[in-house]
Amino acid sequence: MTPTAKRSSHRTIIKATPTVRRPSCTGSLRQVGIVGLGACLPQRVVTNAELERMVKTSDAWIRSRTGIRERRLIEPGQATSDLAAPAALEAIKAAGLRPDEIELIVTGTTTPDTLCPSASCVIQDKVGAKRAGCFDVNAACAGFVYALSAAQGLVASGQYQNALVIGADVLSTIIDWTDRSTCVLFGDGAGAAVIAPVGRGGILASYLGTDGSGACHLQVPAGGSRIPASKHSVEQKQHFLKMNGSEVFKFAVRVMGEAAIVVLDRAGLKPEDVDLFIPHQANIRIIQAAMERLHLPIEKVYLNVEKYGNMSAASTIVALYEAAKAGRIKRGDIVVLVAFGAGLVWGATVIEW
Ligand code: UT7
């Protein structure tokens, strides 16, 4: 279906999600926290002025509608693992581990180097994490939050001693650079976190949600099993990302606030307990609207959408990396990550730093 397909019923889904208090992630399981962070961004900066020369748009339109001034893009021939591997190595080093001590690699990505095998397999080889089991999570822009939740469960249960969790995407490779409604929004990037058992704090709660009936609003129609690659599919530009921007916008505004409230409730916390809110960096207007719903001042929000645009699965983890590097997060702080994306999916995590 194209983005113009009939409206889905996703408006009611989140309200139907039970918000009953759950045992926190720690429960009878091991407490798991982030013990190392890394990031890697392409060198090439593409400003709004450059896009003005490619499509009928303007710097003023892009800034006022999205908050984006510039984004980073990979060079032709580069792929997701070229950004993810350096980010991973930085995170492993920061955790005080050797690559061959990593036991699990979970990558949130929609743009793996190849459809098969997974990006995690390629990254494993590049970083030398020979002992790690590897798989990808396809949860679009919520990919890092989903990957973190999956890996956290596996480490908390004791099946693994640690995990390398990556959020990496190069959406520039699936963007139609003649479509002004999408090409101005996205950038490329990668971030990584090593998680392991911790003595205190760590990941307090996670919440993942999906409304597959909204899949038509944000999708790459071809290249999968429904429409395999063909001359026709390429001519029709069906391998590019198609988006119904206003539907995704409305969904995002609602879901960001609601997901934050659900995950905080699971952790036994309230919005006023949050020290730093790290939202998916898709559009400054979506973030501002979500903050109003949560009654959170914008000073408590980490923003980098202006510099990078929407880096899909890399957005939240790169923002977390930058916030930690900049000293915006102190020991004991409550940090909330919230993301949304194609699926439609949403996910949130509460971390005590
Ligand atoms: O991670 C999830 C990924 N996606 C998102 O988060 C996207 C969510 N949606 C959005 O951020 C916003 O809907 C957009 C930024 C995509 C669009 O903003 P909007 O305020 O919803 O604009 P609109 O779609 O209502 O379009 C307004 C006008 C249209 O022209 P007409 O029909 O009113 O004449 C568009 O054709 O703006 C036009 N337009 C542009 N004009 C200049 C659309 N893109 C551009 C552009 N430059 N790049």
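Residues numbered from 1 in each chain as written. Predicted model: local features only at pLDDT ≥ 70, side-chain atom pairs only at ≥ 80, totals over all residues. Heavy atoms only, no water.

Caption draft 1: Quick peek at helix α5 (residues 119-127). Taken together, the buried positions of α5 are A119, S120, I123, Q124 and V127. The arc enclosing the buried residues of α5, seen along the axis, measures out at 135°, which places them on a common side. Lining the buried residues of α5 we find α4 (80-94), β4 (104-108), β5 (133-137) and β6 (163-170). Downstream of α5 by a residue or two, G128 has a phi angle that is positive, lying close to 80°. (Buried < 20%, exposed > 50% of the residue type's maximum accessible area, 1.4 Å probe, protein only. Helix = DSSP H or I, 4+ residues; strand = E, 2+ residues; numbered from the N terminus. Arc of directions from axis to C-beta. Contact = heavy atoms within 4.5 Å.)

Caption draft 2: View of the packing of aromatic side chains. With the rule as written, the count across this model stands at two aromatic pairs. For the pair F251 and F340, a centre-to-centre distance of 6.3 Å together with 80° between the ring planes defines the contact as edge-to-face. Here the residue F251 occupies a position in helix α9 (residues 245-266), and F340 occupies one in strand β12 (residues 334-341), the gap between them amounting to 89 residues. Note on accessibility: F251 and F340 belong to one class, buried. Put simply, the rings of F251, F340 and W346 pair up and form one aromatic cluster. (Phe/Tyr/Trp six-rings, centres within 6.5 Å; stacked < 30°, edge-to-face > 60°.)

Caption draft 3: Looking closely at the site of the ligand. Near the ligand there are 23 residues, and of these T57, R65, C141, N283 and N310 occur at the shortest range. A distance of 3.0 Å separates a nitrogen atom of the ligand from a polar atom in the backbone of G245. Contact between the ligand and H280: an oxygen atom at 3.0 Å from a side-chain N or O atom of the residue. Broken down by secondary-structure element, the contributors of at least two residues to the shell around the ligand are α3 (59-66), α7 (180-183), α9 and α10 (284-294). It is α9 that contributes the most residues to the shell around the ligand, four residues altogether. Residues of the shell around the ligand, tallied by class, amount to 11 nonpolar, eight polar and four charged. In this structure, the shell around the ligand is formed jointly by two domains, domain 1 (32-199) and domain 2 (203-352), each of which donates at least three residues. (Near = heavy atom within 4 Å. Polar contact = N/O pair within 3.5 Å; in protein donor to acceptor, adjacent residues only side chain to side chain. Nonpolar A, V, L, I, M, F, W, Y, C, P; charged D, E, K, R; others polar. Domains from an automatic or database assignment.)

In short, geometric facts, not functional conclusions.
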